[in-house]
Structure formats: structure tokens, C-alpha cells
Amino acid sequence: MKPLALFGGTFDPVHLGHLSVAWEAAELLDAEVRLMPANVPPHKVAPLASAEQRVAMLDAALRGQDRLAVDARELRRAGPSYTYDTLCELRAEVGARPLVLLLGVDAFAGLPGWHRWRELFDVAHLGVLSRPGVEPELPHALWAEMGGRRTDDVSELHVRPAGRVIELAVTPIEISATRIRELLAGGRDPRYLLPCGLFEDPALLAPYRS
């Protein structure tokens, strides 16, 4: 069964770095990937653009392809966006279909600080988006929880609904959303950092213009 993979973030704004790793993960896993904007991320400051504006940017960025999609469910939830709650909601919807939570290496290393983090393995696989030469130091609690869960075989994620950890080697594109916001506020045009669809409607990038 083709997995459903989830790639969360503030997407403030969505940029080519986000889309590149999501696309590669979809290919490596042979999965449907949903980009899931967070409402009030527990680990970050509040987004500059509103929920509606970020969804509009994602919709514009993803036009013309069908491998990546938007899932805005967390924006409809009051309060912080906890990944565990979202995965439980999705699990109830998709039954035994495999779910994969996509995380960067730094986010994965910080997993023990997440809400009900050990229970994430009960509802989803974890796909760790690795970068060449980056070996984060993982806390002991995470190593202990990973025991017996690691795999290099993508097919395992197709036959099990949850519980495995796989490393996905993706092409790193170092783009900073903070820097993009600074460029836009200064009247600059970050043409080759953002999806071209975001430039088709001036209103999409208006939240970042001074």
C-alpha cells in the first residue's frame, strides 16, 4: 500500500528548499506527500503570514503536479499544533495505510522534547531527511527508542502501518525563510529562492513587503 507521508512546517513562506526535499522524499518512498502548515508551532515563533495566506502560497506553489498536496487540518485546530494529535487523527481516517512523518535531522535529534514523542512510533514511521556530512548527536533516550526500528528497506514501510525509522538521503538546498522575509521587506526580489507561482499574484507575498 502506497504510504502517506507528512511534511510539516510553518511555510512562512514556502520556498524551493521545502519543495525539493518533499519531492525527493515522495520519489524515494513512492509515497503521496502532504505539506502540512502548522497553526501555532510549539517549537517556533508565530508565523508572519496568516493561516489563509500560507495556504494560498502553498496552493500556488504546488500547481501543475500531483505528487505533493496541501493538508491544512492543523490550521483549523485551536491552540498549539501537536504532531501526535495530527497523526492520531490521520490514523483514524486512513486505517492501516502506512503513515510516514518526515523530519529533518535536527528536528529528529530534538524529538525527545516533543509532546508524547515515544507514542509517535505507534502511529507512524519516521523518515529522517539526511544531509551529506551532517551527523547530529542523538540523545540516549532516542537511541534507546530506535532499537530494532531502523531500516534501509523502503518496502518495509509499504507493508507496515507504523514503527520504522528510515534515513532518506536528499539533496540539500540551503534556503532561509528568515532571509527571504528580510529580502522582501527590503524591496528585493528573491526570484530563484521561491516557487515561480508565488510571483504570479502580488498579493501572495504582500505579508512580507514593508
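Residues numbered from 1 in each chain as written. Predicted model: local features only at pLDDT ≥ 70, side-chain atom pairs only at ≥ 80, totals over all residues. Heavy atoms only, no water.

### Re the sheet that holds strand S4 (residues 99–104)
Taken in spatial order, the 7 strands make up an open sheet running S3-S2-S1-S4-S5-S7-S6, and their pairing is parallel. Each edge of the open sheet is held by one strand with a lone partner, namely strand S3 (68–70) and strand S6 (150–151). As paired elements, strand S1 (residues 4–9) and strand S2 (residues 32–37) share 6 bridges and run parallel to each other. Residue pairing across strands places Leu 6 opposite Arg 34, the latter belonging to S2. Of the strands in this sheet, S2 and S3 are in contact with helix H2 (residues 51–61), which crosses S2 at around 155°. Contacting S1, S2 and S4, helix H3 (residues 83–94) runs over the sheet at an angle of about 155° to S4. (Pairing = 2+ DSSP bridges. Helix = DSSP H or I, 4+ residues; strand = E, 2+ residues; numbered from the N terminus. Contact = heavy atoms within 4.5 Å. Axes fitted to C-alpha atoms, helices over the stretch in contact; angles between N-to-C directions.)

### Details of the pattern of salt bridges
Side-chain pairs of opposite charge can arise whenever the charged atoms involved come near each other. Under the criterion given, the structure shown has 17 salt bridges. Among the ionic pairs, Glu 200 bridges to Arg 63, the shortest N-O distance being 3.9 Å. With Glu 200 in the segment after helix H8 (177–185) and Arg 63 in the loop between H2 and S3, this pair connects stretches of sequence that are 137 residues apart. This pair shows no difference in class: Glu 200 is exposed, exactly as Arg 63 is. Salt bridges here are not isolated pairs; linked through shared partners, they connect Glu 32, Arg 34, Asp 71, Arg 73, Arg 77, Glu 89, Glu 93 and Arg 97. (Salt bridge = Lys/Arg side-chain N within 4 Å of Asp/Glu carboxyl O. Buried < 20%, exposed > 50% of the residue type's maximum accessible area, 1.4 Å probe, protein only.)

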